Amino acid sequence: MPVKAKLDTAEEALREREITFSALARVAPVGIMRFDADGQCNYVNDRWTEITGLTIDEAIGDGWTNAIHPADRTAVTERWTRPCETEQLSRNEYRVRRPDGKIRWVLAEGTALRGYSREPLGFIRTVTDITRHRELEAELLASREEFEQRVKERTADLKGEMIERQKLEKQVLEIKDNEQRRFSRDLHDGLGQSLTGALFHALALDRYPGPEYSRSAPTPTKLVELVHQATHQAHYPPPGNTP
């Protein structure tokens, strides 16, 4: 094939690649940037301008750095404008501040561009808007912190309730013990009185043996009544004295 024909074929292939790249850049859902070997931006697609709010002319050269949030600018420019020394995929996240003051989070991924002879041509990167993803992360973190705070508060409430319950149980036990002691004391006093009376009558009967005894002498019937009274108190304590 003549040299001219080869050149024409190569030029045609190059134009086709440029057309293909241009079409992909227009429909891509991500921003696309291209840098030369000196780290100067020479192309951005429409999606990149939508994300950043800058025009293509404003992005050319070092102008693209004006879209980066001031707090992130130094780290981002140092990473992306250094000479291309690696073909490994690079990625980082940073904030973009639009001219209207709105903040967007982006994920930038890039790789080196090299010629057929492996000479450095620059590098290319994509810029993806991850603002909603970041917002969801923040909402999730806030929800988690709120949940943990509620758990702590509920745990503290339960601990307080347990302490109060233990106090009440202690008070109930103390009241029960006091009632049992009072019941035992009252029962002891009542039985003691009845049994003491029965003892006195038994002693009195012992002093009047035989069938002849005076009318003033104690009778066996009275002794039986006292014993019966003591037995009744043991089995049926007075109302209000039941423990």
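Before reading on, note that the structure itself is shown above.
Our subject in this report is the structure included herewith. Not measured: the values here are computed from a predicted model. (Residues numbered from 1 in each chain as written. Predicted model: local features only at pLDDT ≥ 70, side-chain atom pairs only at ≥ 80, totals over all residues. Heavy atoms only, no water.)

For the protein chain, the helix and strand inventory stands at six helices and five strands. Taking all 243 residues of the protein chain together, 23% fall into the buried category. In the protein chain, the proportion of contacts linking residues at least 24 apart, taken out of those at least 6 apart, comes to 45%. By element, 56% of the accessible surface of the protein chain is carried by carbon and sulfur atoms, the whole surface being about 17400 Å². (Helix = DSSP H or I, 4+ residues; strand = E, 2+ residues; numbered from the N terminus. Buried < 20%, exposed > 50% of the residue type's maximum accessible area, 1.4 Å probe, protein only. Contact = heavy atoms within 4.5 Å. Areas by Shrake-Rupley, 256 points an atom, 1.4 Å probe, with all protein chains shown as cover.)

For the rest of this paragraph, the subject is the pattern of salt bridges. Under the defined criterion, the tally for this structure stands at twelve salt bridges. A salt bridge links Glu-135 to Arg-132; the shortest N-O distance between them is 3.2 Å. In this pair, Glu-135 and Arg-132 both sit in helix α5 (residues 131-207), three residues apart, roughly one turn of the helix. Taking the relative accessible area as the measure of exposure, Glu-135 reaches 37% and is therefore partly exposed. Close ionic contact of Glu-139 with Arg-132 constitutes a salt bridge, the shortest N to O distance being 3.6 Å. Residue Arg-132 is classed as partly exposed on the basis of its relative accessible area of 47%. (Salt bridge = Lys/Arg side-chain N within 4 Å of Asp/Glu carboxyl O.)

Before going further, it helps to spend a moment on the packing of aromatic side chains. Counting across every chain of the model gives two aromatic pairs. Their ring planes at 80 degrees and their centres at 5.3 Å tell us that Phe-35 and Trp-64 sit as a pair that is edge-to-face. Remark: Trp-64 occurs in the loop between α3 (56-59) and α4 (70-80) and Phe-35 occurs in strand β1 (residues 31-36); sequence separation between them is 29 residues. One exposure class covers both Phe-35 and Trp-64, and it is buried. Taking the centre distance of 4.6 Å and the plane angle of 15 degrees together, the rings of Phe-35 and Phe-123 count as stacked. (Phe/Tyr/Trp six-rings, centres within 6.5 Å; stacked < 30°, edge-to-face > 60°.)

Moving on, we come to the sheet that holds β1. With antiparallel pairing, the five strands of this open sheet are ordered in space as β2-β1-β5-β4-β3. The open sheet has two edge strands with one neighbour each: β2 (41-44) and β3 (90-97). Each adjacent strand pair in this sheet contributes to an overall mean axis angle of 25 degrees, direction not counted. Bridge count for β1 against β2 is three bridges, and the pairing is antiparallel. Counterpart to Phe-35 in the pairing with β2 is Cys-41. (Pairing = 2+ DSSP bridges. Axes fitted to C-alpha atoms, helices over the stretch in contact; angles between N-to-C directions.)

With that settled, the discussion passes to the nonpolar core. Counting residues in each nonpolar core, the largest one holds 18 residues, and the members touching the most others are Met-33, Trp-48, Trp-64 and Tyr-94. For this core, the elements supplying multiple residues, two or more each, are β1, β2, α2 (46-52), β3, β4 (103-114) and β5 (120-129). (Core = buried A, V, L, I, M, F, W, Y, C linked by side-chain atoms within 4.5 Å.)

The subject of this paragraph is the side chain of Thr-52. The residue Thr-52 is located in helix α2 in this model. Look at Thr-52 and you get buried, because its relative accessible area is 1%. A polar side-chain atom of Thr-52 sits 3.3 Å from the main-chain amide nitrogen of Leu-54. When sequence neighbours within four positions are dropped, the list of residues in contact with Thr-52 reads Ala-67, Val-96, Arg-98 and Pro-99. (Polar contact = N/O pair within 3.5 Å; in protein donor to acceptor, adjacent residues only side chain to side chain.)

What follows deals with the pairing of β3. Across eight bridges, the pairing between β3 and β4 is antiparallel. Across the sheet, Arg-95 pairs through a bridge with Trp-105, a residue of β4. What sits between the antiparallel neighbours β3 and β4 is a turn of five residues, in which Gly-101 has the positive phi angle 90 degrees.

A few words on the environment of Arg-125. Position of Arg-125 relative to the elements: it lies in strand β5. Residues Arg-125 and Leu-89, 36 residues apart in the sequence, show an inter-C-alpha distance of 9.4 Å.

We now examine the pairing of β4. Relative to β5, β4 runs antiparallel, the two sharing nine bridges. Bridge assignment links Ala-112 to a residue of β5, and that residue is Phe-123. Connecting β4 to the next strand, β5, in antiparallel fashion are five residues, including Arg-118 with a positive phi near 70 degrees.

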